[in-house]
Amino acid sequence: MEKLIARALEGDHRSIARLISLVESESPQAEIIMRKIYPHSGKAHIIGLTGSPGAGKSTLADKIIAHFKSLGKTVGVIAVDPSSPFTGGAILGDRLRMQQHAVDPDVFIRSMGTRGSLGGLSRSTQEAALILDACGKDVVLIETVGVGQSEVDIVKIADTVGLILVPGMGDDIQIMKAGIMEIADIFIVNKADRDGADRVATEVNMMLDLLGMRPWRPPVLKTIAERNEGVEEVVSEMTRHADFLRRSEEGRRRRWQRLGMEVEEILRREIAAMVEVAWEKEKSPELFELLAARKTTPYEVAERILGTILTETCD
Ligand SMILES: Nc1nc2c(ncn2[C@@H]2O[C@H](COP(=O)(O)OP(=O)(O)OP(=O)(O)O)[C@@H](O)[C@H]2O)c(=O)[nH]1
Ligand SMILES: [Mg+2]
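Here goes a summary of the coordinates provided.

The rules behind each value
Residues numbered from 1 in each chain as written. Chains lettered and ligands numbered in written order. Predicted model: local features only at pLDDT ≥ 70, side-chain atom pairs only at ≥ 80, totals over all residues. Heavy atoms only, no water. Helix = DSSP H or I, 4+ residues; strand = E, 2+ residues; numbered from the N terminus. Salt bridge = Lys/Arg side-chain N within 4 Å of Asp/Glu carboxyl O. Buried < 20%, exposed > 50% of the residue type's maximum accessible area, 1.4 Å probe, protein only. Pairing = 2+ DSSP bridges. Phe/Tyr/Trp six-rings, centres within 6.5 Å; stacked < 30°, edge-to-face > 60°. 1 Å grid on protein atoms, 1.4 Å probe; cavity = no way out; pocket = protein on both sides within 12 Å on 5 of 7 lines; lining within 4 Å. Points joined across faces, edges and corners; volume = space filled by probe spheres on them. Nonpolar A, V, L, I, M, F, W, Y, C, P; charged D, E, K, R; others polar. Polar contact = N/O pair within 3.5 Å; in protein donor to acceptor, adjacent residues only side chain to side chain. Contact = heavy atoms within 4.5 Å. Patch = residues over 30% accessible without salt bridge, like charges linked within 9 Å, V, L, I, M, F, W, Y side chains within 5 Å. Areas by Shrake-Rupley, 256 points an atom, 1.4 Å probe, with all protein chains shown as cover.

**Examining the environment of Ile 65**
Piece 1. The residue Ile 65 is located in helix 4 (residues 57-70) in this model.
Piece 2. A sequence separation of 10 residues divides Ile 65 from Val 75, and the C-alpha atoms of the two residues are 6.7 Å apart.

Printed below as a string of structure tokens:
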């Protein structure tokens, strides 16, 4: 394990992949890995790319990777696939579209499922991002399909969130969905080769005006990902946003929020494990009889077990 972690920290992709697999499968070593990895993290720029299915996230990601690379940066990519069996083709699709970088030694690409604790985005997505960060990737790009909870959850993991919209897909409704305007740091109107891109961009800008001044006014950019048009600007705005976070009060607030969330998440997990152990020990046919006959209540039982947990942990 020591060796594996050391090799991963040196940037060896096979070792990194192995660590992510161990963490993803919630193996008993997961915590040891994360404890060792964590002190090395905190340097990467973590970028989330979200948007409706087919908006062009993977196509754009591929071009963004190329741009960061041309700037001399190393990149890690996590493509989060919805666990739904109906979208089983997504993994292969993403792999194919990002194939250009698949054999590239500087680019690490990984697909992951969405089951888990952070709503749409699993804990292992966050842990994989931390691993890539610790193992020396300058940029970690996370592609999440914008359905349900995951597009809101991405803000808990990413420093910079790019929301991809496309003309002619009922974007007005999509934009107005609760919370979406607030989470995006950069708006990208992709497929600008199609009619209506300007209209979408104008609507987004108008809505941003309505939301009022914020410390960071999200830029609204147009791209044609397929032709690599507008991508350079996307990358430069992403970098500008990272700089903004580094020196602003808003950036500090976000960092604190994330660190607090990390502590809370670990606390919850540990306490849940204690609860499970204590309840296993306590439950018995006699106890169930007492509960069924209403001679005691779940409240009293829980209170008693909690007392045991507390005295045991204090000893
Ligand atoms: N016309 C046009 N098509 C594009 C553009 N960018 C991507 N596409 C096409 O849109 C389709 C979907 O692109 P993807 O990159 O797979 O989109 P995605 O958002 O990653 O899709 P999922 O991961 O399945 O949600 C592909 O056929 C792309 O070739 C663009 O700028 N203009
Ligand atoms: Mg995709």
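**Some words on the pattern of salt bridges**
Pairing of side chains with opposite charge becomes possible as their charged atoms draw close.
Piece 1. Under the defined criterion, the tally for this structure stands at 20 salt bridges.
Piece 2. The salt bridge involving Arg 254 is made with Asp 185; its shortest N-O contact spans 2.7 Å. Here Arg 254, found in helix 12 (residues 249-282), pairs with Asp 185, found in the loop between helix 9 (180-183) and strand 6 (186-189); they are 69 residues apart in sequence, far enough to count as distant. An identical accessibility class is assigned to Arg 254 and Asp 185; each is buried.
Piece 3. Of the charged contacts, one joins Arg 227 and Glu 229 as a salt bridge, the two residues approaching to 3.7 Å between their closest N and O atoms.

**Regarding the pairing of strand 5 (residues 160-165)**
Piece 1. Taken across its 6 residues, strand 5 has 6 buried, putting it largely inside the fold.
Piece 2. Neither face of strand 5 is open: one carries Thr 160, Gly 162 and Ile 164, the other Val 161, Leu 163 and Leu 165, and all of them are buried.
Piece 3. Taken together, the 5 bridges between strand 1 (residues 45-51) and strand 5 define a ladder with parallel strand orientation. Residue pairing in the sheet places Gly 51 in a bridge with Ile 164 of strand 5.
Piece 4. Judged from the 4 bridges that link them, strand 5 and strand 6 form a sheet pairing that is parallel. Pairing of Ile 164 across the sheet is with Ile 188, part of strand 6.

**Describing the packing of aromatic side chains**
What describes a pair of aromatic rings is the distance from one ring centre to the other and the angle between the planes of the rings.
Piece 1. For the structure on display, the rule yields 2 aromatic pairs.
Piece 2. Here Trp 216 and Phe 244 contribute two aromatic rings whose centre-to-centre distance is 5.3 Å and whose plane-to-plane angle is 40 degrees, an arrangement assigned as tilted. Here Trp 216 is found in the loop between helix 10 (197-211) and strand 7 (220-222), whereas its partner Phe 244 is found in helix 11 (residues 231-247), with 28 residues between them in sequence.
Piece 3. Summarising the aromatic geometry, the rings of Trp 279 and Phe 288 are spaced 6.1 Å apart at their centres and angled 80 degrees between planes, so their arrangement reads as edge-to-face.

**Brief notes about the layout of surface pockets**
Which parts of space are left empty comes out when a probe the size of a water molecule is rolled across the atoms.
Piece 1. Roughly 700 Å³ of volume is contained in the largest pocket.
Piece 2. Lining the largest pocket are 30 residues, and of these Gly 42, Lys 43, Ala 44, His 45 and Asp 159 lie nearest its centre.
Piece 3. For the lining of the largest pocket, the secondary structure elements donating two or more residues are strand 1, helix 6 (123-134), helix 11 and helix 12.
Piece 4. Residue composition of the lining of the largest pocket, by class: 11 nonpolar, 7 polar and 12 charged.
Piece 5. Taken together, 18 residues line the second largest pocket, and the ones lying closest to its centre are Glu 31, Met 34, Glu 127, Ile 266 and Arg 269.

**A few points about unusual backbone geometry**
Piece 1. In this model, Lys 191 sits at a positive phi of 60 degrees, which is unusual for a non-glycine residue.
Piece 2. Secondary-structure assignment places Lys 191 in the loop between strand 6 and helix 10.
Piece 3. One non-glycine residue with positive phi stands out, namely Asn 228, at about 60 degrees.
Piece 4. With respect to the helices, strands and loops of the structure, Asn 228 is situated in the loop between strand 7 and helix 11.
Piece 5. The class of Asn 228 is partly exposed, set by a relative accessible area of 36%.

**Structural notes on the side chain of Thr 296**
Piece 1. With respect to the helices, strands and loops of the structure, Thr 296 is situated in the loop between helix 13 (285-292) and helix 14 (298-314).
Piece 2. The buried category is assigned to Thr 296, whose relative accessible area is 11%.
Piece 3. Engagement of the side chain of Thr 296 in a polar contact is seen with the side chain of Glu 300, the distance being 2.7 Å.
Piece 4. Excluding anything up to four places from it in sequence, Thr 296 contacts Leu 290, Leu 291 and Val 301.

**Concerning a nonpolar patch on the surface**
Piece 1. Taken together, Val 263, Leu 267, Ile 271 and Val 275 make up a surface patch of nonpolar side chains, about 350 Å² in accessible area.
Piece 2. Locating Ile 271 in the fold gives a position in helix 12.

By themselves, these are just geometric observations and shouldn't be taken as functional.
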